[in-house]
Amino acid sequence: MDITLRKKRRRWLICLSPVLIILVSIFAITYGSVSLGISDIWNVINGKGEIIHETIIVDLRLPRILIGLLVGACLAVSGSLLQGVMKNPLADPGIIGVTAGGGLMASITMLMLPHLSYLLPISAFIGAFVTAIIIYVLAWDKGASPLKIILAGVAINALLGAMQNGMMILYSDRVQSVLPWLSGGLNGRSWFHLEFMAPYALIGLILSLLAIRPANLLLLGDDSAKLLGEKVEWQRFLLITLAAFLAGAAVSVAGLIGFVGLVVPHAIRLMIGEDYRFLLPLSALYGACLVVFADTIARTWFDPVELPVGILLAAVGAPFFLYLLKKRGMQ
């Protein structure tokens with residue numbers, strides 16, 4: 001790709017991202033079963049709005065939007081890191097079993113310990129994080145190559161999926177409480193969920209800025225990185241742990257939302273190249289926009305039924321990703 005074209009695209013994407021986040025957020029606040037105008041939002045901000053409008057904006061839509069922004073940013077950055085570390089454009093949090101681990105722990109909480117449902121975010125987060133550590137340990141043999149990690153992740157994914165399906169059969173009378181969460185969605189998310197995930201998400205996103213340099217060095221290859229004085233295995237472990245941390249934070253409140261960590265970094269990479277100085281922050285910004293926009297569509301277009309955003313993203317993301325692969329193959 002021409003360097004001048006890449007720089008031009010970077011400038012456009014950087015300038016467009018804050019505008020797009022503002023527009024998407026306004027769209028999410030105003031659009032719904034009860035439509036609101038800009039004047040209604042302004043009145044609520046000034047303390048002169050109607051009680052019903054204040055409830056809709058402050059208690060229902062605003063925390064959902066903020067959670068969607070954080071979830072999208074976390075998933076996109078997680079996928080971006082994994083794709084670089086594993087040198088595989090098809091890598092995402094689902095490949096190494098992170099989402100499966102979170103899903104299993106969430107299923108255990110909802111099916112076997114329904115009286116502890118308030119611990120769902122914490123259990124899902126712990127499941128995602130512990131799964132990533134187990135996969136790395138299993139892949140270790142005088143080093144953990146990207147291929148070994150992916151193979152271990154696929155195997156663990158299959159095992160955790162089988163365990164989860166078995167639990168759903170054994171507790172079939174309670175399965176209705178699990179299905180919406182496994183589909184991935186933001187329905188019913190409140191300030192409580194935001195207060196739980198925000199510290200983890202923000203810490204992970206800030207730490208991801210420190211991951212830019214090692215991620216760029218790993219792109220040079222293990223031998224080149226070692227010649228530059230990098231501890232390759234240690235850096236790879238830290239980056240995978242950070243990716244799992246971010247994905248776990250997202251899974252803990254949003255369920256199993258797929259394709260964000262796969263499609264967004266891949267699309268950004270096709271436009272601007274591999275440089276993580278731009279790839280990482282742009283993936284975060286556009287991943288955030290994608291989740292909020294898709295969630296707004298999912299909760300309004302199928303009224304009175306609220307479609308989980310994970311289903312919509314999978315339905316739209318799969319063909320879009322195939323288009324990206326086809327486009328890349330033609331270049």
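What counts and how
- Residues numbered from 1 in each chain as written.
- Predicted model: local features only at pLDDT ≥ 70, side-chain atom pairs only at ≥ 80, totals over all residues.
- Heavy atoms only, no water.
- Helix = DSSP H or I, 4+ residues; strand = E, 2+ residues; numbered from the N terminus.
- Rg over C-alpha atoms; globule rule 2.2 N^0.38 Å.
- Contact = heavy atoms within 4.5 Å.
- Areas by Shrake-Rupley, 256 points an atom, 1.4 Å probe, with all protein chains shown as cover.
- Lys, Arg positive; Asp, Glu negative; His and termini not counted.
- Charge placed at Lys NZ, Arg CZ, Asp CG, Glu CD.
- pLDDT = per-residue confidence, 0-100.
- Disulfide = S-S within 2.5 Å.
- Buried < 20%, exposed > 50% of the residue type's maximum accessible area, 1.4 Å probe, protein only.
- Expected span 1.5 Å × (residues − 1).

### Topic: the overall build of the protein chain
Turning to step 1, where the next piece is worked out: Within the protein chain one finds 14 helices and zero strands.
Turning to step 2, where the next piece is worked out: Going residue by residue from the N terminus, the α and β elements of the protein chain occur as α-α-α-α-α-α-α-α-α-α-α-α-α-α.
Turning to step 3, where the next piece is worked out: For the protein chain, whose C-alpha radius of gyration is 20 Å, the value lies close to the compact-globule estimate of 20 Å for 331 residues.
Turning to step 4, where the next piece is worked out: When the backbone C-alpha atoms are referred to their principal axes, the protein chain occupies close to 65 × 55 × 35 Å.
Turning to step 5, where the next piece is worked out: Counting only contacts in the protein chain whose residues sit at least 6 apart along the sequence, the fraction spanning at least 24 positions is 78%.
Turning to step 6, where the next piece is worked out: Accessible surface, the protein chain: about 15,800 Å² in total, of which carbon and sulfur atoms supply 70%.
Turning to step 7, where the next piece is worked out: Here the protein chain contributes 24 positive and 18 negative side-chain charges, whose respective centroids are spaced 11 Å apart.

### Re the confidence of the model for the protein chain
Turning to step 1, where the next piece is worked out: The predicted model of the protein chain averages 83 in pLDDT, with 94% of residues at 70 or higher.
Turning to step 2, where the next piece is worked out: Least confident of the elements in the protein chain is helix H10 (residues 222-227), whose mean pLDDT is 68; most confident is helix H13 (residues 276-300), at 92.

### Things to note about the state of the cysteines
Disulfides are covalent bonds that connect the sulfur atoms of two cysteines.
Turning to step 1, where the next piece is worked out: In the structure shown here, the tally under the stated rule is zero disulfides.
Turning to step 2, where the next piece is worked out: Of all cysteine sulfurs in the structure, the one in cysteine 15 sits closest to cysteine 289, which takes part in no disulfide; the separation is 14 Å.
Turning to step 3, where the next piece is worked out: Cysteine 289 gets classed as buried once you look at its relative accessible area, which sits at 4%.

### Topic: helix H11 (residues 232-254)
The α-helix advances 3.6 residues per turn, and as a result positions three or four apart in sequence lie on the same side.
Turning to step 1, where the next piece is worked out: Over its 23 residues, H11 runs 33 Å from end to end, which matches the ideal 33 Å to within 8%, given 1.5 Å per residue.
Turning to step 2, where the next piece is worked out: Most of H11 is tucked away: 19 of the 23 residues are buried.
Turning to step 3, where the next piece is worked out: Where H11 terminates, the next one or two residues include glycine 255, which has phi positive at roughly 80°.

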